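# Structure assessment
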Amino acid sequence: KENDDVLYDITFATLMYGLRRSEALGLTVQAVDFKEKRLYINRTVVKMLHIHDEDDTKTYDSDREYPLTDEMIGFFKAVLAKKKENRFYYGNKYVDTDFLFTWEDGHPFSPDYISKHHKKMVNKFGKPHLTFHNLRHSTACILYERGWGAKEIQEWLGHADYYTTMNIYTHIDKAHRQKQADSLKGVLEHSSIN
């Protein structure tokens, strides 16, 4: 955030909700309902040979909605205010789309750009293996640490398959147990018997 990185907003939303890259790119102004305090995940942007905007998500379970906390209402209002400022600044050169996360001139981000830029940024922080998709796993870890159960995490992430969630959940649980075991290091010191 301090670097005013172009991907800060999309990364923040992705981490908060555990979105797939295609879902984060597909978020539109209409997906945010301030009156009902809801965020709707119901479209994606993917790239095969060309960029495709789909009025659909990966699976039936991927089509979901989230409650908006006051923090996230403030976040999305700031995103929309930034879009409005950029629209004014760029004038008739602004590409007017409904997508929330775009370049300053309104052009949608390419899915490939998201992955490449994210990789460049995490390399700066010494985490070269952390992909944009790994943010979903980070969300699962955060939810687990907050006491959420596997079924709740499955619904939050929009996994159609419970086993997908359980694979992540099992991995998180092992890592958590290792941290717990490591925290015991030195608690009981050996004393020699004389």
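The structure reproduced in this document is the subject of the present report. If you're wondering where the values come from, they're calculated on a predicted model, not measured in any experiment.

## Examining the sheet that holds strand S5 (residues 64-67)
Within a beta sheet, neighbouring strands are joined by backbone hydrogen bonds and run either parallel or antiparallel to one another. Read from one edge of the open sheet, three strands run S1-S2-S5, paired in antiparallel fashion. Edge positions in the sheet fall to strand S1 (32-33) and S5, since each of these pairs with one other strand and no more. Pairing between S1 and strand S2 (residues 38-41): two bridges, direction antiparallel. In the sheet register, Val32 faces S2, and the bridge partner there is Leu39.

## Quick word on empty space enclosed by the protein
All told, the structure shown has one cavity of 30 Å³ or more when counted by the stated rule. Reported here for the largest cavity is a volume of approximately 40 Å³. Every residue along the wall of the largest cavity is listed here: Leu25, Val45, Phe99, Phe101, Pro108 and Phe109.

## A word on the nonpolar core
By size, the foremost hydrophobic cluster in this structure holds 33 residues, and its most contacted members are Tyr17, Leu27, Leu39, Leu68, Phe76 and Phe101. Residue assignment for this core shows that the elements contributing at least two residues are helix H1 (8-17), helix H2 (21-26), S2, helix H3 (70-90), helix H5 (134-145) and helix H6 (150-157).

## Here's the deal with H3
For an α-helix the count is 3.6 residues per turn, leaving residues at separations of three or four pointing the same way. The first and last C-alpha atoms of H3 sit 30 Å apart over 21 residues, in line with the 30 Å expected at 1.5 Å per residue. Taken residue by residue, H3 has Met72, Ile73, Phe75, Phe76, Val79, Lys83 and Asn86 as its buried positions. Here the buried residues of H3 occupy an arc of 165 degrees about the axis, which is enough to place them on one side. Facing away from the buried side of H3 by more than 90 degrees, the exposed set consists of Asp70, Glu71, Lys84, Glu85, Phe88 and Tyr89. Against the buried residues of H3 lie H1, S1 and S2. Looking one or two places after H3, you find Gly91, whose phi comes out positive at around 55 degrees.

## Details of H1
Taken as a whole, H1 has its buried residues at Asp9, Ile10, Ala13, Thr14 and Tyr17. Along the axis of H1, the buried residues cluster in a sector spanning 130 degrees; they form a single face. Count one or two residues on from H1 and you reach Gly18, which has phi positive near 65 degrees.

## Some remarks on the pairing of S2
Of the two faces of S2, the one holding Leu39 and Ile41 is buried and the one holding Arg38 and Tyr40 is not buried anywhere. Here S1 folds back onto S2, and the loop between the two strands holds four residues, one of which, Lys37, carries a positive phi near 55 degrees. In this sheet, S5 lies alongside S2 in antiparallel orientation, the contact comprising four bridges. The residue bridging Leu39 from the neighbouring strand is Tyr66, located in S5.

## Considerations on the pattern of salt bridges
All told, the structure shown has six salt bridges when counted by the stated rule. One salt bridge connects Glu23 with Arg64, and the closest N-O pair in it is separated by 2.9 Å. Of this pair, Glu23 sits in helix H2 while Arg64 sits in strand S5; the two residues are 41 residues apart in sequence, bridging distant segments of the chain. Each of the two residues, Glu23 as well as Arg64, counts as buried. Ionic pairing is found between Arg38 and Glu65, a salt bridge with its closest N-O pair at 2.8 Å. With Arg38 in strand S2 and Glu65 in strand S5, this pair connects stretches of sequence that are 27 residues apart. For Arg38, a relative accessible area of 25% gives the class partly exposed.

Calculation rules
- Residues numbered from 1 in each chain as written.
- Predicted model: local features only at pLDDT ≥ 70, side-chain atom pairs only at ≥ 80, totals over all residues.
- Heavy atoms only, no water.
- Pairing = 2+ DSSP bridges.
- Helix = DSSP H or I, 4+ residues; strand = E, 2+ residues; numbered from the N terminus.
- 1 Å grid on protein atoms, 1.4 Å probe; cavity = no way out; pocket = protein on both sides within 12 Å on 5 of 7 lines; lining within 4 Å.
- Points joined across faces, edges and corners; volume = space filled by probe spheres on them.
- Core = buried A, V, L, I, M, F, W, Y, C linked by side-chain atoms within 4.5 Å.
- Buried < 20%, exposed > 50% of the residue type's maximum accessible area, 1.4 Å probe, protein only.
- Expected span 1.5 Å × (residues − 1).
- Arc of directions from axis to C-beta.
- Contact = heavy atoms within 4.5 Å.
- Salt bridge = Lys/Arg side-chain N within 4 Å of Asp/Glu carboxyl O.

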